[in-house]
Amino acid sequence: MDIPKEKLVFAKREDRVSDEVLKTKPRSYLADAMLRFTKNKSSVAAAWILLFLVIFVILSPVISPYSINDKDNVYRAFPSFVPALAHLGLCDGGKIYDSQNEISLTALRGIAEETGMDPFIKVLNENSQTGRFRGSEVKRETYDIKVNDYYALGIVYRVFSYEEFERIQKWQNETGIQVIFPYVLPRDIEGIKSNPNLWYKVDPNGRAVLNEDGSFIPVYATDKEEEGAPYDSIRIPSDDGSYIYSAKKSGSVQCRICYYNYYRYHWGHEPLYIMGTSSMGMDLFGAIGVGGRFSLVFAVLVAVINLFIGTIYGSLQGYYGGAVDMILDRILDVLSGVPFIIVATLFQMHLAARVGVAGSFLFAFVLTGWVSIAALTRMQFYRFRGMEFVMASHTLGASDARVMYKHILPNAAGTIITGCALLIPGIISSETALSYLGIVDLSSFSGTTLGSLLSQGSALVMTAPHTILWPSIFIGLLMISFNLLGNGLRDAFNPATKGGE
Amino acid sequence: MIKYAVKRILYMFLVLFIIILICFVLIRMLPLPQLPPGDPHTKVVMMQRQAMGYDKPYLVQFGLFLKNVVTDFNWGLSDKLYYGQEVWSVFLQKLPATVVVNLYSIILSIPLGIGLGIFAAVRKNTWIDYLISTLTVVVISVPGFVYAFVIQYIFCYRLKWFPLVMKSGTDWLSPEMLKSMAPAILALSLGVIASFTRTTRAELSEVLTRDFMLLARAKGLTPVQATVRHALRNCMVVIVPGIFGEFLGILSGSFVIEKIFSIPGVGSLTLNAINGPDYNIFMLTTAFYTAIGLLGGLVVDLSYGFLDPRIRIGEKG
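Think of each chain on its own: its residues are numbered from 1, step by step along the sequence as written. Labels follow written order: the first chain is A, the first ligand is 1, and so on. With pLDDT at 70 or above as the cut-off, local features in this predicted model cover only qualifying residues; side-chain atom pairs require 80 or more to be listed or tallied, and sums for whole chains, interfaces and linings still use all residues. Side-chain metrics in this entry use all non-hydrogen atoms of the structure; hydrogen atoms and water are not considered.

Draft legend 1. Representation of the overall build of chain A within the structure. The helix and strand labels rest on DSSP assignments: H or I over at least four residues marks a helix, E over at least two residues marks a strand, and numbering proceeds from the N terminus. For chain A, the count of helices and strands is 17 helices and seven strands. For a compact globule the rule gives 2.2 Å times the number of residues to the power 0.38, and the radius of gyration it is set against comes from C-alpha atoms. Taking 2.2 N^0.38 as the reference for a compact globule, 501 residues should give roughly 23 Å; the C-alpha atoms of chain A span a radius of gyration of 35 Å, well beyond that estimate. In chain A, which comprises 501 residues, the proportion classed as buried is 47%. Here a residue-residue contact requires only that any non-hydrogen atoms of the pair lie within 4.5 Å. For chain A, restricting intrachain contacts to residue pairs at least 6 apart in sequence, the fraction spanning at least 24 positions comes to 71%. Surface accessibility in these figures is a Shrake-Rupley result with a 1.4 Å probe; residues are shielded only by whichever protein chains are displayed. Approximately 25600 Å² of chain A is accessible, and the part contributed by carbon and sulfur atoms is 59%. Treating the 44 positive side-chain charges of chain A as one cloud and the 47 negative ones as another, the clouds have centres 10 Å apart. Here's how the labels work: a residue is buried when its accessible area is under 20% of the maximum for its type, exposed when over 50%, partly exposed in between, all with a 1.4 Å probe on protein chains only. As used throughout, the charge tally considers Lys and Arg to be positive and Asp and Glu to be negative, leaving His and the chain termini uncounted. Every charge is mapped to an atom, namely NZ of Lys, CZ of Arg, CG of Asp or CD of Glu.

Next up, the structure:
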């Protein structure tokens, strides 16, 4: 190399050579973990879903016009119905009736004509079958139709006291909504007492006998002898003032009421069931909120208590080691050996009368739930107890408790708390399973639980799948989001174990 | 190794003994079910209770109980659900349903779970791997009864492939029985398949990156040969104990599934005994579930040791 001497210059002559001060801000362990957490798409998505579910359980019992104890005893396991959305085809109370023949279509038309609310929504399918009937070929047309279940209920019989009868009439006059419809005597409808929707001439099989032009022949009662109480309110258009609106019934009156309008009289508003009703007549939308709220609060409470116990237990094991560790470990073996369902049952049987169902259930969860937290804590304490900073604080005269909880615990906190977060889905699923099985009945404590909703719906999987569907979706989402969130937190706090499971 | 195994087994029995003692005392402390007034069995039941030692201290009662169990395997008589029958014989009638359903579901799960796991690990970080992994997380998270309902609705009600509930009878291995058990088997299997998939994928994808896999390829093995002969063998160390553990695990965890599909198994027997209450049956099923749980842990630990000489947990200690 040939470089002229004058070109050589010292890079630094006066300045002292030193490292530059770091210009970036130091990031704490927690901030670092948060950064890793927010980069993980699935756990962020899970956090959003969880947030949504939490908002749902807080708001749904408020939004729902029904409290958890409001149970309608007629609209049971009915599909979702929101009158404001019905004309859009959403939440229209629609239920599919398979293979309906002309007779049942006519019956629906009868309901529509009398109550003025047409249950018929649309035809989904037309099936035609040819079968042999008494030697000749007969073609049968059947339809799969979608029907508004709330309207299709039509008229029901109800027995009222005289005062109640008066009150309903007064309400009718105020609102102009007709609840009570003219009475029909059984002798005019071939003695059929099981179908209150008949107001027209029928044959002994309950089939409508129509006019030549296809209209119904009304058979409303006009016999004043049979009238239960005077009626002075809205009459149906075809009434010339002679129809009677109630029948005698020892000390009370029997009426034919349009249940939909009676509902409005009784509850003060139209039915509004966003997710339909449960088999007990509860509003599922509100009930899932109430049950979910209980599950969440209960699970978090149990997790926090278990975190507390497990940390103390595990820290004693891990810090002292040796004989202490061994004895405590043997106790753990016994505790974790008892199947949880047995623990829960025994606690229910022994304690439920004394501390309440929820209290004994909580005890059952607390008895063994902290075992995994203790194991985690023990591992972490084993890892840290021989480290220099622990020795240093010992040398400086720190007490055992101070070393354990001031020095070691903060280092282990991330791992332990994520372990605790992963406990929550397990608690929720055991709680749901046990209340589904009927081993604990929390309905008197919390109104309802997801497990009770599932068990009430399980008998109706076929006829009203929505009673199972919504609680299942809720619990499924809750589980998935908690698990993803827990996994995300674990990966964020311990990047080394990422994808280990 | 044998010494270690014997030690572990003896220890397991000790834990089992303690748990049974605690549960026994707790169950005996419960108030006895009242007999209906004027019941013709009153005298017999009273004598039975006396024979069981209900008028003596709890430890004496336990001694009597233990003596009966150890000497002639007599777990007492059922006094409510199956009046007067031996609890053990009732239990034996119920056991096959539970075992058969679980056996089928394990048989279904092993090839599917491990297969999917291998597939995901070999195709790591492709869309198929992401799909399998996501499904795995979803299936593991969602509790079994949720998809039991879905299966019941879709396969039994909508498609009418299977009957809604299990058929009665004792022909456990006949095809009709298999068909009527299919929904329950499916519902039980999903979770097990997912957990096998997860274990296999995690383990295999780790093994595939080891140095000896590079050596295997370097010495001329095809990727398939290398995976099957070297990687899979290493994975089995983790997977095989998992299979044992899973089998014993679902044996004790299928209460809900048994209830949904009306399987006349041990789970429903336990539930009936709780609601009865029939304490002798409850005591026996408690002992059964405890033993199954402990056995599960033991088998997993021991099989690790047998399969892989590198891992012999606590052998020195």
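Draft legend 2. Quick peek at the environment of A:A412. All names here are of chain A. In this fold, A412 is placed in helix α14 (residues 400-437). Of the residues examined, A412 reaches a relative accessible area of 0% and is grouped as buried. Sequence spacing of A412 and L484 is 72 residues, and the spatial spacing of their C-alpha atoms is 21 Å. When sequence neighbours within four positions are dropped, the list of residues in contact with A412 reads Q380 and F384.

Draft legend 3. Inspection of the packing of aromatic side chains at higher detail. All names here are of chain A. What counts as a ring pair is set by centres within 6.5 Å for rings of Phe, Tyr and Trp (its six-membered ring), and what kind of pair is set by the plane angle: stacked under 30 degrees, edge-to-face over 60, tilted for all other angles. Enumeration according to the criterion identifies 55 aromatic pairs over all chains in this entry. Residues F78 and Y150 carry aromatic rings whose centres are separated by 5.1 Å and whose planes lie at 70° to one another, so their mutual orientation is edge-to-face. Placement of the pair is F78 in the loop between α2 (41-63) and α3 (83-86) and Y150 in helix α5 (residues 149-152), with a sequence separation of 72 residues. The two residues F78 and Y150 agree in class, both being buried.

Draft legend 4. Summary view of the domain arrangement of chain A. Domain delimitation follows an automatic or database domain assignment. Per the domain assignment, the segments making up chain A are domain 1 (45-60 + 280-497), domain 2 (83-152) and domain 3 (155-267). The centre of domain 1 of chain A, based on its C-alpha atoms, is set 50 Å off from the matching centre of domain 2 of chain A.

Draft legend 5. Structural detail: the sheet that holds strand β3 (residues 136-148) of chain A. Residues and elements named next belong to chain A. Reading across the sheet, the three strands line up as β1-β3-β2 and stay open at both edges, with antiparallel pairing between neighbours. At either end of the open sheet lies a strand with only one pairing partner, and these are β1 (94-100) and β2 (120-133). Strand-to-strand twist of the sheet, defined as the mean angle between neighbouring strand axes without regard to direction, takes the value 10°. Should DSSP find at least two bridges between two strands, the strands are regarded as paired. Relative to β3, β2 runs antiparallel, the two being bridged by twelve bridges. Within β3, the residue paired with T130 across the bridge is K139. As a rule, the C-alpha atoms of each element are fitted with a line to give its axis, helices using only the stretch in contact, and angles between N-to-C directions run from 0 to 180 degrees. Along the sheet, helix α4 (residues 102-115) makes contact with β1 and β3, crossing β3 at roughly 35°.

Draft legend 6. Fine view of the interface of chain A and chain B. Contacts between the two partners involve 33 residues from chain A and, on the opposite side, 35 residues from chain B. Buried area: the accessible area, evaluated with a 1.4 Å probe, that two parts lose upon being put together, summed over both parts. Roughly 3100 Å² of surface becomes buried between chain A and chain B when both sides are summed, with 81% attributable to carbon and sulfur atoms. One speaks of a salt bridge when a side-chain nitrogen belonging to Lys or Arg is within 4 Å of a carboxyl oxygen belonging to Asp or Glu. Here chain A is connected to chain B by zero salt bridges. Counted as a polar contact is a pair of N or O atoms within 3.5 Å, where, for protein atoms, one must be capable of donating a hydrogen and the other of accepting one, and residues adjacent in sequence contribute only when both atoms are in side chains. Across the chain A-chain B interface, the total number found is four residue pairs in polar contact (both at pLDDT 80 or more).

Draft legend 7. Examining the side chain of A:R256 more closely. Residues and elements named next belong to chain A. Position of R256 relative to the elements: it lies in strand β7 (residues 252-258). Of the residues examined, R256 reaches a relative accessible area of 0% and is grouped as buried. Among the polar contacts made by the side chain of R256, one reaches the main-chain carbonyl oxygen of P182 at a distance of 2.8 Å.

Draft legend 8. Expanded view of the confidence of the model for chain A. pLDDT is defined as a per-residue confidence score from the predictor, taking values between 0 and 100. Summary statistics for chain A give a mean pLDDT of 85 and a share of 97% for residues scoring 70 or more. Between the elements of chain A, mean pLDDT differs from a low of 79, seen in β2(A), to a high of 92, seen in helix α8 (residues 284-320) of chain A.

Draft legend 9. Region of the structure containing the domain arrangement of chain B. All names here are of chain B. Split by domain assignment, chain B resolves into domain 1 (2-72) and domain 2 (88-307). Across the contact, 20 residues belong to domain 1 and 14 residues belong to domain 2. Taking both sides of the interface into account, the surface hidden between domain 1 and domain 2 amounts to around 1400 Å²; carbon and sulfur atoms contribute 84%. Contact with domain 2 buries surface across domain 1, with R8, M12 and I27 losing the most and accounting together for 36% of the total. Along the contact surface separating domain 1 from domain 2 lie one salt bridge. A salt bridge links R8 to D301; the nearest nitrogen and oxygen atoms lie 2.8 Å apart. Summed over the shared surface of domain 1 and domain 2, the number is two residue pairs in polar contact (both at pLDDT 80 or more). For the side of domain 1 that touches domain 2, the element with the highest residue contribution is helix α1 (residues 2-28), accounting for 13 residues. For the side of domain 1 that touches domain 2, the class distribution of residues is 18 nonpolar, no polar and two charged. Residues are grouped as follows: nonpolar covers Ala, Val, Leu, Ile, Met, Phe, Trp, Tyr, Cys and Pro; charged covers Asp, Glu, Lys and Arg; every other residue, Gly included, is treated as polar.

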